[in-house]
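Topology and contacts: notes
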Amino acid sequence: MSDTTALATLAAGLLAGSIKVVDLTAPLGPETPVLYLPPQFGNNTPNVKVHKISAYDQDGPFWAWNWLELGEHTGTHFDAPCHWITGKDLPENTTDTIPPQNFVAPVNVIDRSREAAENPDYLLTVESIQEWEAEHGAIEAGTWVLLRTDWYKRNGSTETFLNADENGPHSPGPTAEAIEYLIGKGIIGWGQETIGTDAGSAGGMNPPFPAHNLMHKANRYGLASLSHLDKLPPKGAILIAAPLKFVQGTGSPVRALALLA
Ligand SMILES: O=C(O)C(=O)c1ccccc1S
Ligand SMILES: [Mn+2]
């Protein structure tokens, strides 16, 4: 099939409704949970604030609009390589310079929701990825890998979403070795449903926060706070995740979408 025919077939499927568009994005507003880093780690992102300019009133009789206070890494968001010190000097590493070709790609969804329900500190290992590949096929270069844990169901409150106690946050994610393995496969990015792309215990890993450290060192991307990965198949969907074109941006809230038949 030629690319022209493939695109025409996609267009027909979208118009007929046989190609579905699935929203993978959490609601974004003042209630959106934001990452909390302990004081020794530095500053934090403030919560979203919405400031009314007008609402069909004396401030603007026929229109409504607002201005926002919004962190780059808030809600369902994209991590650019310059977000981490390991990616700070790489080419095309900011939200405004990443080639747009990289914002649309096939996606692999690894479902470890049962394991995460049994153990909030669940870590995805190389062996677990290889088991998944044996069942669903090899992870190909240029594709996304997303970890489904159903953690998005906790997104209604910061407390349940961050799930922290006196020992720190407890949420699932990848081991450093799993990220190294996926980088070796040539993936374009790593994503999950928790507040960030790393496990809650990632601060004590080697290197600390390996999904950030290693993915961005490889000039690859992250997606955090995704929702509804339970609506996606293990393989076969197309992910659309385009960050806003913030000049020299380290990341951006995104409307993450998936196309599937
Ligand atoms: O990129 C993020 O939103 C994120 O998760 C993060 C940001 C800064 C420091 C640590 C982490 S873990
Ligand atoms: Mn981020």
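Looking at an unreviewed UniProt entry, one finds the chain named Kynurenine formamidase and attributed to Kaistia dalseonensis.

**Digging into the site of ligand 1**
Taken together, the residues surrounding ligand 1 are L35, L37, H73, H77, D79, H83, W84, G196, F209 and H212. Contact between ligand 1 and H73: an oxygen atom at 3.4 Å from a side-chain N or O atom of the residue. Between an oxygen atom of ligand 1 and a side-chain N or O atom of H212, the distance comes to 2.8 Å. Considered on its own, ligand 1 offers 320 Å² of accessible surface; in the complex 85% of this is hidden by protein.

**Brief notes about the coordination of the manganese ion (ligand 2)**
Every protein donor of the manganese ion (ligand 2) is listed here as H73 (ND1), H77 (NE2) and D79 (OD), and their distances to the metal cover 2.1 to 2.2 Å. In terms of primary sequence, the donors binding the manganese ion (ligand 2) are separated according to H-x3-H-x1-D.

**Section: a nonpolar patch on the surface**
A grouping of I53, F62, W63, W65 and W67 is seen on the molecular surface, where their side chains present a nonpolar patch of about 610 Å² in accessible area. Tallying contributions element by element places strand β3 (residues 60-69) first for the nonpolar patch, with four residues. Tracing the sequence through the fold places W67 in strand β3. Overall, W67 belongs to the partly exposed group, its relative accessible area being 45%.

Calculation notes
Residues numbered from 1 in each chain as written. Chains lettered and ligands numbered in written order. Predicted model: local features only at pLDDT ≥ 70, side-chain atom pairs only at ≥ 80, totals over all residues. Heavy atoms only, no water. Near = heavy atom within 4 Å. Polar contact = N/O pair within 3.5 Å; in protein donor to acceptor, adjacent residues only side chain to side chain. Areas by Shrake-Rupley, 256 points an atom, 1.4 Å probe, with all protein chains shown as cover. Donors = N, O, S within 2.8 Å, 3.2 Å for Na, K, Ca; no water. Patch = residues over 30% accessible without salt bridge, like charges linked within 9 Å, V, L, I, M, F, W, Y side chains within 5 Å. Salt bridge = Lys/Arg side-chain N within 4 Å of Asp/Glu carboxyl O. Helix = DSSP H or I, 4+ residues; strand = E, 2+ residues; numbered from the N terminus. Buried < 20%, exposed > 50% of the residue type's maximum accessible area, 1.4 Å probe, protein only.

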